[in-house]
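Summary of the model geometry
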Amino acid sequence: MNTALLIHAEQALDFDDFLSYMEIPTLVLDFMSELPDSFYWYFHQEGISTTLFSIRSNLQGTYEVSIDNLASYEDLKFFPYLVDSLAKFLNGTLDINNIYEELDEDWIEETIADEVAYLKATLTILPKYFLAQPMDDLAYVSLDTLAPLGVNLHSSTPRIYGYVQYLMRHHALPCLKDWDEMDVPDVDEEIEVDIPQHVAIGRVKSWQLDGSETYETYSQEDVNHLLSLASEYKQGKSLHGVVLNDIGTLHQEGIGMQTNGEEAIYWFTEAYKKGDNFYAPTNLGDLYRKGCGNVKPCLKKAFEAYQLSIDPYAHYRIGQAYEEGWTGIQDIKLAMKWYRQAAEEGHHLAIKRLSHASGSK
């Protein structure tokens, strides 16, 4: 499904002029479509979007701006600003309530939660869930698509949303060749669906760039699913690095099992080998920095692991390593270099550390 808002304006939209007005170089027009009674523009933010925005004109002074409800979090944040900007561009002023203030963080969370619930309901009774405005034409989500990622209908909303985003960002969702293949049955009446519920048996805390806390929760179905994939991986099945990282997390945090540092190290290492150069080496660094089960803390190994990561948080820890001399040698110049890199990437701890350094001069 999508979210659509209406704007009334007498002025015809020149989309190129609107892009210039927005002054956002990442906005890219994908294509236009002209029908007898309407005109469509489809566009996205390069490097940010996983679905398309659309603007439809009915050629009689009404514009409909819409976004897929499974859009990237960044696009959902951008959507109200887009609507306000278009209204101001067409009318010269905002003659409506400021949409940017109304569609806030709570709206984003509710939109994602409702859409994931709709996805789960759809996949309970149908084989495919189709995106409303996909980047790749006729893209859909299925249980077969989610299964290799360790995701099922009992997974949490953030976990399902996150992995659908992962698939879309890598253009890995399956797509139909044409509309004739959709094979979606007509439903003449409402159907009550018992949506599978997520029951958490463990959670993992993490921090966003701005310092806000988030939690990843796992159900027993998640644990069973991931352990089954782990067994298949050891028998030769190929898995995404991020999935191997999840398996390592179960062992590191003791979710559905005893904490096992050695197993966590194995899975994080495998995850990095299979392409996860963000989460896995960072988690490996944290494991060595704090210790895990029978694995004692080792700052030298933590430093080596953080160096493998592109995570801004890992870059902050590298700065800390140089400042505190984790490898036996302190180097404040290198420490400040890594703090500055992490701060430029937006990490709150690095920003705070540089602010403290500046204030102490």
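Just above, that's the structure.
So, a few notes on the structure that sits alongside this text. Remember, predicted model here, so these are calculated numbers, not experimental data. (Residues numbered from 1 in each chain as written. Predicted model: local features only at pLDDT ≥ 70, side-chain atom pairs only at ≥ 80, totals over all residues. Heavy atoms only, no water.)

Bringing the nonpolar core into the picture now. Counting 66 residues, the largest nonpolar core has Leu13, Phe18, Ile55 and Val141 as the members making the most contacts within it. Tallying contributions element by element places helix H2 (residues 73-91) first for this core, with 9 residues. Other than its neighbours up to four places away in sequence, Val141 contacts Leu119, Leu123, Pro127, Lys128, Tyr129, Leu131, Leu146, Val164 and Leu173. Grouped together as the second largest cluster of nonpolar side chains are 27 residues, Cys292, Ala305, Tyr316 and Ile318 included. (Core = buried A, V, L, I, M, F, W, Y, C linked by side-chain atoms within 4.5 Å. Buried < 20%, exposed > 50% of the residue type's maximum accessible area, 1.4 Å probe, protein only. Helix = DSSP H or I, 4+ residues; strand = E, 2+ residues; numbered from the N terminus. Contact = heavy atoms within 4.5 Å.)

Summed over the entire model, instances satisfying the criterion amount to 11 salt bridges. The shortest N-O distance in the salt bridge between Asp286 and Arg289 comes to 3.2 Å. A residue pair is termed a helical-turn pair when its members lie 3 or 4 positions apart in one helix, as Asp286 and Arg289 do in helix H10 (residues 279-290) at 3 residues. Classification of Asp286 as buried rests on a relative accessible area of 13%. Bridged by salt links that share partners, the residues Arg159, Glu216, Asp222 and Asp246 form one connected network. (Salt bridge = Lys/Arg side-chain N within 4 Å of Asp/Glu carboxyl O.)

To continue, consider the sheet that holds strand E4 (residues 53-57). On the basis of which strands lie adjacent, the open sheet formed by 5 strands has the order E1-E5-E4-E3-E2 and antiparallel pairing. Because the sheet does not close on itself, it has two edges, and the strands there are strand E1 (2-8) and strand E2 (27-35). The mean inter-strand angle of the sheet, taken between neighbouring strand axes irrespective of direction, is 20 degrees. Pairing of E2 with strand E3 (residues 38-45) involves 8 bridges; the strand directions are antiparallel. Looking at E3, one finds that Leu29 is bridged to Phe43. Most of the contacts of helix H1 (residues 15-22) go to E2, to which it runs at about 155 degrees, and overall it touches E2, E3 and E4. Of the strands in this sheet, E1, E2, E3, E4 and strand E5 (62-68) touch H2, which is tilted by about 170 degrees from E5. (Pairing = 2+ DSSP bridges. Axes fitted to C-alpha atoms, helices over the stretch in contact; angles between N-to-C directions.)

Spacing of three or four residues puts side chains on the same side of an α-helix, whose turn is 3.6 residues. The end-to-end C-alpha separation of helix H7 (residues 220-234) is 21 Å, in line with the 21 Å expected for 15 residues at 1.5 Å each. Within the sequence span of H7, burial applies to Asp222, Val223, His225, Leu226, Leu229, Ala230 and Tyr233. The buried residues of H7 all sit within an arc of 165 degrees when viewed along its axis, so they share a single face. Buried positions along H7 lie against helix H6 (157-169), strand E8 (200-207), strand E9 (213-219), helix H8 (241-253) and helix H9 (261-273). With its phi angle positive at about 115 degrees, Gly236 sits one or two positions after the end of H7. (Expected span 1.5 Å × (residues − 1). Arc of directions from axis to C-beta.)

Attention now goes to the packing of aromatic side chains. Enumeration over the complete set of coordinates arrives at 23 aromatic pairs. For the ring pair Phe78 and Tyr81, a centre distance of 5.8 Å and an interplane angle of 50 degrees mean the geometry is tilted. Of this pair, Phe78 and Tyr81 both sit in helix H2, 3 residues apart, which is roughly one turn of the helix. The class of Tyr81 is partly exposed, set by a relative accessible area of 38%. Taking 5.7 Å as the distance between ring centres and 55 degrees as the angle between the ring planes, the aromatic pair formed by Tyr233 and Trp267 counts as tilted. (Phe/Tyr/Trp six-rings, centres within 6.5 Å; stacked < 30°, edge-to-face > 60°.)

Turning our eyes to something else, we now look at the environment of Ala342. Mapping Ala342 onto the fold places it in helix H13 (residues 332-344). Measuring from C-alpha to C-alpha, the distance between Ala342 and Asn98 comes to 34 Å, with 244 residues separating the pair along the chain. Those residues in contact with Ala342, other than ones at most four positions away along the chain, are Pro312, His315, Tyr316, His347 and Ala350.

Moving on to the side chain of Ser54. Following the sequence through the fold, Ser54 ends up in strand E4. The buried category is assigned to Ser54, whose relative accessible area is 5%. Within the local environment of Ser54, its side chain forms a polar contact with the side chain of Gln133, the two groups lying 3.1 Å apart. Setting aside residues no more than four positions away along its own chain, Ser54 makes contact with Trp41, Tyr42, Phe43, Glu64, Val65, Ser66 and Gln133. (Polar contact = N/O pair within 3.5 Å; in protein donor to acceptor, adjacent residues only side chain to side chain.)

This part covers helix H4 (residues 105-125). With 21 residues, H4 should reach 30 Å at 1.5 Å per residue; the first-to-last C-alpha distance of 31 Å fits that figure. Within H4 the residues assigned to the buried category are Trp107, Ile108, Thr111, Ile112, Glu115, Val116, Leu119, Lys120, Ala121, Thr122 and Leu123. Elements in contact with the buried residues of H4: E1, H2, strand E6 (129-130), strand E7 (140-141), helix H5 (143-146) and H6. Between the side-chain oxygen of the N-cap and the backbone nitrogen of Asp106 there are 3.2 Å, and the N-cap of H4 in question is Asp104.

Counting buried residues along E4, 4 of its 5 residues qualify, which places the element largely inside the surrounding structure. Relative to E4, E3 runs antiparallel, the two sharing 5 bridges. Considered in E4, the bridge of Tyr42 is made with Ser54. Across 5 bridges, the pairing between E4 and E5 is antiparallel. Across the sheet, residue Ile55 finds its bridge partner in E5, namely Val65. Hairpin connection between E4 and E5: a loop of 4 residues separates the two successive antiparallel strands, and Leu59 in this loop has a positive phi of roughly 65 degrees.

With that settled, consider a negative patch on the surface. Residues Asp104, Asp106, Glu109, Glu110 and Asp114 make up a contiguous surface patch of negative charge. Mapped onto the fold, Glu110 is located in helix H4. (Patch = residues over 30% accessible without salt bridge, like charges linked within 9 Å, V, L, I, M, F, W, Y side chains within 5 Å. Areas by Shrake-Rupley, 256 points an atom, 1.4 Å probe, with all protein chains shown as cover. Lys, Arg positive; Asp, Glu negative; His and termini not counted. Charge placed at Lys NZ, Arg CZ, Asp CG, Glu CD.)

Scope: geometric values only; no functional claims are made or implied.
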